[in-house]
Every structure is written in C-alpha cells, then in structure tokens.
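Structural characterization, general
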Amino acid sequence: MGVDLDTLDSFCQSLVQSQSQFKKRKVTLEGDNGSSTYSVSCEVKTFLPTLQASDYFMEPSLSELFTRELTDPSHCSRVQNFTVGRYGYGSVRFFGETDVRWLDLDQIIKFNRHEIIVYEDETTKPVVGKGLNKAAEVTLVLQISSSVEKLMVTAEKQGAEFISFDPNRKEWKFSVQHFSRFGLNDDEEDVMMDDADADVDADAEAREPVTMNDSDGSDFDEEGALVDPRLLSHSLPSHLGLDPVRMKEMRMMMFPAEEEEDDEELNERFSHHKPPFGKEPLSKPVQRSSPPAIRKTPLALLEYNPGSFTSSPNGSILLSQQNKGLPLTTAKVQGFKMELKETPVTKSYSRNIVDAGLFMGRSFGIGWGPNGVLLHCGSTVGGGVQKRELSSMINLEKVATDDVVRDENNKVREELIDLCFDAPLNFHKEISHETNEVVVDSFKLKARKLVFNRLELSHVCRSYIDIIEKQLEVPGLSSSARVVLMHQVFVWELIKVLFSSKESSVEVDEDALPLIRRAEFSEWLQESVCHRVQDDISSLNDTNDDLQHLFLLLTGRQLDAAVELSSSRGDVRLACLLSQAGGSTVNRTDIDRQLKLWKTNGLDFNFIEKDRVRLFELLAGNIDAALGEMHIDWKRFLGLLMWYKLPPDTDLITIFQTYHHLLEGGRAPFPVPVYIDEGLVDEGVIWNPGKRFDLAYYLMILHGSEEREYSILKNMFSAFASTHDPLDHHMIWHQRAVLEAVGTFSSDDLHVLDMGLVSQLLSLGHCHWAIYVVLHMPHRDDYPCLQANVIREILFQYCETWSAQENQRQFIEDLGIPSAWLHEALAIYHAYYGNSFKTLEHYLGCAFWQKAHSTFITSVAHSLFLSGKQSEILKFATSMEDHKSEIENWDMGAGIYLTFYALRDSLKENDDSMMELVSLADKNDACKKFFSRLKGSMAIWDSRLPIDARMVYAKMAEEISDLLVADSGEGSTTEVKLECFNSIFDSPMPEDLLSCHLQSAISHFTLHLTETASLT
C-alpha cells in the first residue's frame, strides 16, 4: 500500500485545534471554493521519508511518524526498530535508533524474488552505521523448498548470521552488519529445487565427503571448498562503479578453471585460518567424474580502505585486509586516484604501488591517455639508469609537450604560446599556397602546399626572424631557451644565405654569384662564432698573453681587432702579416716556405714564442699544425678551413665537401647540435658521434649535394637537430615547409615531423591549427586516406575543445573540412553525455539517417510529445521522411507520429487533414491499422523503447479511440460501431483506460441484440 502526504489530511482537523500546544510546528488551513484542504508546513514535510510503491509498507507508518514528530521534535532522527517491507517478499527491521529523515525508500530498499538490495548504487551508499547501511534483521519469503542447513551455509557465505527458518510460512530470517545485496542467486535456487525432488539419503551420502570442507557438494564443483570470506580483501569493482557481486559471478562463470587455481593458491597461502565449524580440510580434493556446470556463489566483498599514495611505503600494496563483521569506518571514495606530476618523462615521475592486474583487469598494458599521459608498469620511461621494477608498480607519467612555452619558473606563458605557435602559423597561412582536392568517400578535402620562389625567400626568412626576436624580448626566459632561440635565428639567416636569389637592377656576372654567396656565408659564419671567440678570450688566465689573444681573434676572422691589437703592442710586422691573412695564396706560400727553411736550416725555435709560430702556421694555411692540441668548435674549424687553408675563390660546395671528407677521416670536429655544443643538456644524456648533427650542417650538405641524395632528411628534420627537447617541432616544421616550397627537396616520408607538431598543438588546445598542419601533410598513394583519418580522429577526440570555441569551429569550416564530419563528432560527443536532442540534430546534420531515426524514437520523440511540442516532432520527422527509404522500420518509428497527427486531424474533420476518411468504417479501418502499427512498433523496438515512449503510444491510442467513439457515424450500422470497439480493445492502452469504453461497448452490444431480436 502506497504512503503519501495526502493521507495525512484526516489528521489535520484535530491538529489545528490543538495548534497552540505545538508552537514549534505550523499547520495552516486553506479553503478553495468551499472545500477545505490542509497542508503541513515544509519544515515537517522535509523530515518525513517517502515511499510511493503500493506493495511496500513501513512501520511506524507515515501518519504515525508525522504525529510523533509534532509531539516529539526530532523523533524522525531516532526511530526505534524502523521496518520496511514488501507484501509477499519480506521485510527488514533496523536495530536500535535509525535516522529516517529525507530518505527516499523507493530508491534505497528493493525487494526482489528471494533477495533484498539496500543502496543498489554503491556511489550513494553512506559509511557503515549511517543511514540504512547498518545492522538489521532481514526476513525473506521463499517461494521454493529449502533446508536449514542450506540457508545457514548461504548466510555464512554472504557474511550474514542465520537466525531461523519457518518451513510452514517459508520465512527465512538472518541478521547483517551492513548492506549491499543479500539473498539467493539463480543457481542456488536451481540447486535447492533439484535437491528438494531428490532422494534425501542418496543426497546426504553424496555430500558426506565434502561437508568436511564446509560445503554440501551441490553448490560447488570438484574443489568445492568454501573459501573464507576474509581471503577476498577488496571491493574494487564497487569503487569503479560496477556491481561487485555480478562481476564476481561473471568471473566464476567465464573462467572456472582459473578460479579453482586461484582458490587453491589462496587456501595454501592462508592455511593458518581455521575453517568454520571446526572441521579440517581434506588432504586432497574430492574427484568427480562429471562435475556439474554450476557457478560458484560469490563471497561477500569487504570494504576497500583508501590510502594516500604519497604516504604509503615503497613496495607496499595499497589494499587493506579486514575481517568480516568488524565495524567499517571508511569514507565513500571515488575509486582510484593516482598522482600525476606534469613533468617530462626524462626527469621525474610518480610511483604508485598497486596490483596492476587487479587494478586494470586482464587487458592492462601500456596505454596513452589524453594530453600525453602515459600509464604503464615496470621501469620508468627516460630513466638514466635502468633497474628492475615490480610488475605491480604502475607509473603514471606526463610527456611534456609544452616545455617551449614555459619560462624559467616552469610556468606556461600566454605570450610564448602566441609567439611560438600562433604567430608563425598565421604568417605561414598568409604565404601563397596551392590547393589540391583529395576525394575521400563522397567528401573532398583541400590539401595545401606552400609555394613561392627564391626571390621571396629573404622576406620569408626575415619575417620568421622577427617573430623569434620578439620571443627573446619576453622576460623570464631561461638561458637555454635563449641559446636555442638565437640558434633558430642563425638557421633562418643561413637558409637565406644558401638558398635565396637576389633581385638586382644591375647585371651581375654569373661567375661572380658563387663568390657573392661565399662572402655572405663568411659573414654569417663570423657572426655565429663571435660569442664563442669572446668567451675564450675572457677565459684567458694571463691578460698579457697577446699572442693567444690574437690567435683566438683569427679563429673568428676578426682581422681588424687583431691588427689593431698587434699595432698597439708595437709589433708592426706581425700586424702587416695579419692584415693579409686569408688573402692571396702567394703570401701563404711565402710564409709556408719560410717556416720550412727555418726547420731545414735547424733554427732553434726556442727563441721564438710558440704562439707566434702557431700564428705563422695559421697564416701559412697549416691549420692542423696551428691548432695542435687546441680544441675548437666545428663552426670555427670550418671557418679556418675556408679562410686560411683553401683558396679565397673556392665555392661553398667545395668548402663543404672538403670539411665532409676531413670529418669522415676523423680530422675535423663533429658538427654537434647546438645544445651539446653550448653545454645545455645534462651530463646523463649520451650523444653518439655521427648519429645526430646540427641543423646548420645539414643545410650545408643540402646545399652542396649535387646528386640530391636525401637520405639525411629524417635526421635533418628531427627535433634533435636544433633543440634538446625531443618533442618540440614548432619551428623545424616551418623550416621544412619553406625549404620544400623553394624546391630544395621533395619528400613524402616526414609524417613524424607533422604529427609531432600536431601533438604539440593539441596539447595546447589549438585543434584548428592542428588540422591546418594535417592538411599540409604530403599525399601518399599507399595511404590515400591518411589526412582524412587524422582529421576525423582530432574532431572526435577533441570535440569538447574545438566545439566550445566558435573561432576554432569557424576556422575549421573555412579550411574546407566537411561539415558532416563536424556534425558526426558532435553527435557522438552529445550522445556520450546523454544530450539526445543535440545528438539528433547533429545526426541529421551529417545525414546519418538510421542513427538519427533510432535516437528520435528511443530518446526524443516521447519527450517532445509529452511536452506538447508538436511542431518540433513534425520538424524532425519530416526532415527524415525524404530519406525514409534509407531508414529501417520507418513505418514503425517516426512514421507513426506523422500518421497519428494526420489521422487525428482527419477524425477531427480538419480541412487541412492529409487523409480523407468519409465513412465510419473507413475511419475504423484507419484506426485499426494505426493500432496495429503501434503494437508492431513496441515489438520491434522492444527494450530500446523506454517507458515514457510506451506511455506516449498509450496516449496516442487513447486520443484516437476517443475521437473514434465520439464520431456519431450517421448511417452506420450497429455492427460497424461494435467493430470500432473491437479495434479500440485491441489497441495498446492500459486496462484502466480500456474499461472506460467498456460501458459504451456494452450499451451498443445491448442495442445490437435488441435490434436483432426485433428483426427475428
């Protein structure tokens, strides 16, 4: 019997008369048209529990609780022996005082066949001792025969205490300390029913060997021993939002053999536990010839004890074991929450010890999460020293794809985001492009490629340099970041020097062009090594050592400074020689001959300073003898080779080839990347000579490669060629695009570079720029849909990001991305979050008619119908009607709504009706067909059709039935009218609504009998 506040009206009259006695409560009397109704104040109403189900009851009743609350304030917070039950199923009585205020008993307590469930949703269950999660006595009414022994075993397995069993009334009583799910499962019911029909003596004999292991043999397979509930020391499924009992049952059903092995291992591990009932386990398992295929009953799951990952000792398992029956005081948790530090994988990481298999299940393995989160077990990624780790240790590491936009305090700077990504890409977008349409299915993509000539290269490089120089002005940059930025400036300058063409109004001799380019390269080389020369000079111990100072100046070809220094020291002859350094080969030959004559004639070089001899050797072009044991960087060595050894008219290609041959012979320093050359990386990073070179050296090779062999391109355009951050591709991508645009090379095998920049952009939430980069990926015949697949993945995975920003969405549409792809991604996104109306709109937008139709029928149509939004229903249905040939079960879906409105208008004799029905027989035939379609629709959609939709079908049938009955049917016979009632009674309406038409049907049937009798 349902209980509601409306049942309290009978008490209000007497309570109002004694209102003065209860000043803390307020009862008001309201009248309306002579009928008096009483309402209880909101203060009292909110205290009372709710129970609307008609077959449920509670003691004390709601009226009693109301009365006692008025007479004894706060009585509902301490109700003694509170009882809730369901007629024919059982009841539960909570011991002691119970706080029943604000309890929604319909949602909390559910009685099913042979079971009680309290707090079915684990996330809403309070801690033990609070609410209704407390000790109680449960009474279940069994509908099958059973025995006391079986019920005792069942109660023991579930952590309950058996009290009694009345075989006459079939009432099974037991007590529990807290709640989840208690009762008999389907297998236990089947076993009990089978046992009830079997011979008792034979059954007892079959069970005798196994009862020593706390089981009757009918519930278990060959190992059949009842595992101590204390062995299962976790409730992880419940904290992951799953039903722990059902998960355990599924595991036992799908993996019975493995479960037996686990039980055997656990029994050995916990052999010190004394079995219940004082019985000793068997020395070996009982063998059966054909064990029955019966699932094991899951043990009661104990509470999980959450702990702090940071406070747990290393190597400990973060699962605590608790004994059954002990009071549990753990607070409600939201599942596992692992510590994540936003640090690069090469630096630090978080360590969280759990059982990896238990935590993630059988499919656990290495997995990537959003924004570069890596979840794995074992050794950490990027650790300097490899060491063995437990397989149960889960590492959660964050890949730092945004180091380039962080300052020296490791904070992301918005101005760096703009200057590193937005500004270069905006400029890239302004440069001329050529587009190529790529057909993917029925859609077209506009693939893009940067195209311009070498006359424009100087302007392009200068624009990129301006952007980098603005980055250098940002305060708070680290010293390593400034060095990398300066290196990028020099790289753009070198690209301009090596590959640009100059526009001049004066005709220049073609033979002079290589010399002009050589002079520009020499100037670039001087500027790039200037800081290294100054650093070496400042590190000289003896400030009076002018000869060393002069030598260092010559390594950077700072001839003016060297001549001035030599003259200021009074060494005019040396100053004259220095002024001619790197000039005519005749001077070099003369100095070299003089040195050889001195050695041939046995000159004692002890009377000449060694550094002066080194200067002479350098002026003679003997750079190896001049350097001796001195180590200089590769750029200065290349400069010495070009300035002092090779003739002054040597072209750049010959210079680069000469350096390359010396490098292969081990007589030249390696062109190491700038971060190694400048000492920016940690000592733990190992660099193998010959594996990676500086980007500037790769550009020189690219310029000097006459045969255009591009085997070096992958190394050239890797992040390691210009920065120590292996995940930073933001500038190298632009350099690749510019070089390819001017025709220096062409390659379709650099997708790693493209995807590296895409990952950086996505980690910053710049989905529109990521798609822009993907459109510039070169097309490959072996992967024709590569661009389309990547773009769709971005739209799906980052839908929440780009859809929330109108500028991004508009940018993506302007790029020519098919709108259907955007709508499809939005449809999946809104379907995930349960927004059916948005899901339907976007399915229609992407022309997914079948999915749109299913969403309309199962989630949208009934809500609009109940809200009276006929125009919305017609809008959605008519938009799909033109494509009904592509939609399965159209007539049993959206077509029903269109038919209903047309039929209703026809029965109302609306002039705008789409159907012309004249006679009552025609109307009856149309209604009968409509009712048949309603029933067919419910059969086809079955469980996918929610209750509200079925209620809408009932309302449709009711409204059509009322209109059909209301039709006078002039000229129609009684048989036709009776046929109308037959159609109505065959409609999908509830019986209480059909009963309303029964009286009219009886009257017409009586009239029919009277007419028939009068005719006879």
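What counts and what doesn't
Residues numbered from 1 in each chain as written. Predicted model: local features only at pLDDT ≥ 70, side-chain atom pairs only at ≥ 80, totals over all residues. Heavy atoms only, no water. Salt bridge = Lys/Arg side-chain N within 4 Å of Asp/Glu carboxyl O. Helix = DSSP H or I, 4+ residues; strand = E, 2+ residues; numbered from the N terminus. Contact = heavy atoms within 4.5 Å. Phe/Tyr/Trp six-rings, centres within 6.5 Å; stacked < 30°, edge-to-face > 60°. Lys NZ or Arg CZ within 6 Å of the ring centre and 35° of its normal. Core = buried A, V, L, I, M, F, W, Y, C linked by side-chain atoms within 4.5 Å. Buried < 20%, exposed > 50% of the residue type's maximum accessible area, 1.4 Å probe, protein only. Axes fitted to C-alpha atoms, helices over the stretch in contact; angles between N-to-C directions. Parallel < 35°, antiparallel > 145°, perpendicular 65-115°, else oblique. Left-handed = near helix turned anticlockwise from the far one by under 90°. Nonpolar A, V, L, I, M, F, W, Y, C, P; charged D, E, K, R; others polar. Expected span 1.5 Å × (residues − 1). Arc of directions from axis to C-beta. Polar contact = N/O pair within 3.5 Å; in protein donor to acceptor, adjacent residues only side chain to side chain. 1 Å grid on protein atoms, 1.4 Å probe; cavity = no way out; pocket = protein on both sides within 12 Å on 5 of 7 lines; lining within 4 Å. Points joined across faces, edges and corners; volume = space filled by probe spheres on them. Pairing = 2+ DSSP bridges. Disulfide = S-S within 2.5 Å. pLDDT = per-residue confidence, 0-100.

Under the definition given, this model contains 35 salt bridges. A cluster of three or more residues bridged by salt bridges with shared partners is formed by Arg-462, Asp-466, Glu-469, Glu-493 and Lys-496.

Relative to the helices and strands, Ser-566 resides in helix α17 (residues 559-568). Contact partners of Ser-566, with chain neighbours within four places excluded, come to Leu-550, Asp-571, Leu-574, Ala-575 and Leu-578.

With that out of the way, let us pick up the packing of aromatic side chains. All chains considered together, the criterion is met by 34 aromatic pairs. A network of ring pairs unites the aromatic residues Phe-856, Phe-865, Phe-876, Tyr-897, Phe-900, Tyr-901, Phe-930 and Phe-931 as a single cluster. Lying over the aromatic face of Phe-720, Arg-692 brings its terminal NZ or CZ to 3.8 Å of the ring centre. The ring of Phe-876 is capped by Lys-875, whose NZ or CZ atom sits 4.8 Å from the centre of that ring.

Turning to the nonpolar core, a few remarks are in order. In this structure, Phe-521, Ile-794, Leu-795, Trp-802 and Ile-817 are the most contacted members of the largest nonpolar core, which totals 133 residues. The contact partners of Trp-802, leaving out residues within four places of it in the chain, are Cys-767, Ile-794, Leu-795, Gln-808, Arg-809, Ile-812, Leu-822, Ala-825 and Leu-826.

What follows concerns the packing of helix α15 (residues 513-538) against helix α22 (residues 634-645). The geometry of α15 relative to α22 is characterised by a closest axis approach of 9 Å and an angle of 130° between their N-to-C directions. One element, α15, and the other, α22, form an angle in the oblique class. Regarding α15 and α22, the two cross each other, and that crossing is left-handed. Where α15 approaches α22, its residues Arg-518, Phe-521, Ser-522, Trp-524, Leu-525, Gln-526, Ser-528, Val-529, Arg-532, Val-533 and Asp-536 are matched on the opposing element by Lys-635, Arg-636, Leu-638, Gly-639, Met-642 and Trp-643. Here the contact of α15 with α22 is composed, by residue class, of eight nonpolar, four polar and five charged.

The next thing to look at is helix α23 (residues 652-664). Here α23 contains 13 residues, and its C-alpha end-to-end distance of 18 Å stays within 8% of the 18 Å for a straight helix at 1.5 Å per residue. Inspection of α23 places Leu-652, Ile-655, Phe-656, Tyr-659, Leu-662 and Leu-663 among the buried residues, and these make up the whole buried set. All buried residues of α23 lie within an arc of 125° about the axis, which places them on one face of the element. In α23, the exposed residues that point more than 90 degrees away from the buried face are His-661 and Glu-664. In this structure, the buried residues of α23 make contact with α14 (479-499), α15, α22 and α25 (695-704). For α23, the side-chain oxygen to backbone nitrogen distance between the N-cap and Ile-653 is 3.1 Å, and the N-cap itself is Asp-651. Following α23 by one or two positions, Gly-666 adopts a phi angle in the positive range, close to 75°.

Next up on the list: empty space enclosed by the protein. In this structure the tally under the stated criterion is five cavities of 30 Å³ or more. In this structure, the largest cavity spans a volume of roughly 60 Å³. The class makeup of the residues in the lining of the largest cavity is three nonpolar, six polar and one charged. There is about 50 Å³ of room inside the second largest cavity. If you trace the second largest cavity, you find it lined by His-751, Pro-778, His-779, Arg-780, Tyr-783, Pro-784, Leu-786 and Gln-787. Along the lines of polarity and charge, the residues of the lining of the second largest cavity split into four nonpolar, three polar and one charged.

A few words on the packing of α14 against α15. Contact geometry of α14 with α15 gives a least axis separation of 9 Å together with a crossing angle of 170°. As the angle between them shows, α14 and α15 are arranged roughly antiparallel. Two secondary-structure elements touch here, α14 through Phe-490, Glu-493, Leu-494, Val-497, Leu-498 and Phe-499 and α15 through Arg-517, Glu-520, Phe-521, Trp-524, Glu-527 and Ser-528.

Across the five residues that make up strand β6 (residues 90-94), a large majority, four, are buried. Sheet topology places strand β5 (residues 83-86) next to β6; four bridges connect them, and they run antiparallel. Directly across from Thr-83, in β6, lies its bridge partner Arg-93. In this antiparallel pair of consecutive strands, β5 and β6, the connection spans three residues, and Gly-88 shows a positive phi of 85°. Pairing analysis gives five bridges linking β6 to strand β10 (residues 136-141), with the strands arranged antiparallel. Pairing of Arg-93 across the sheet is with Glu-137, part of β10.

Before going further, it helps to examine the sheet that holds strand β11 (residues 161-166). Strands sit in the order β3-β5-β6-β10-β12-β11 across an open sheet of six strands; the sheet is antiparallel. Every other strand in the sheet has two partners, leaving β3 (56-59) and β11 as the edge strands with one partner each. If you compare each strand with its neighbour and ignore which way they point, the axes differ by 15° on average. By the bridge criterion, four bridges tie β3 to β5 in an arrangement that is antiparallel. Each bridged residue has a counterpart across the sheet, and for Glu-59 the counterpart in β5 is Thr-83.

A word on the state of the cysteines. Taken as a whole and assessed by the stated rule, the structure comprises zero disulfides. Counting only cysteine sulfurs, Cys-980 is the nearest neighbor of Cys-927, a cysteine outside any disulfide, at a range of 7.5 Å. Note on Cys-927: relative accessible area 0%, which makes it buried.

Further remarks concern unusual backbone geometry. Pro-60 follows Glu-59 through a cis peptide bond whose omega is -5°. Within the fold, Pro-60 resides in the loop between β3 and α3 (62-71). Positioned with a positive phi, Asp-441 is a non-glycine residue whose angle comes to about 55°. With respect to the helices and strands, the residue Asp-441 is situated in the loop between β18 (433-440) and β19 (443-450). Classification of Asp-441 as exposed rests on a relative accessible area of 72%. The phi dihedral of Asn-889 is positive, around 60°, even though this residue is not glycine. On the secondary structure map, Asn-889 appears in the loop between α36 (870-881) and α37 (894-907).

In this section: the confidence of the model for the protein chain. Here the protein chain averages 77 in pLDDT, and 72% of its residues register 70 or above. Here strand β1 (residues 27-32) stands out as the least confident element of the protein chain, with mean pLDDT 37; helix α29 (residues 767-775) is the most confident, with 96. Contacts from residues 1-41, a stretch scored under 50 in pLDDT, to residues over four places away or in other chains number 56 contacts. Across residues 341-354 the pLDDT falls below 50, and counting only partners more than four positions away or on other chains, this stretch makes 51 contacts in the model.

Let's shift gears to the environment of Glu-397. With respect to the helices and strands, the residue Glu-397 is situated in strand β17 (residues 393-398). Overall, the relative accessible area of 1% leaves Glu-397 in the buried class. Each C-alpha atom, one on Glu-397 and one on Val-373, is 5.8 Å from the other, the two residues being 24 residues apart in sequence.

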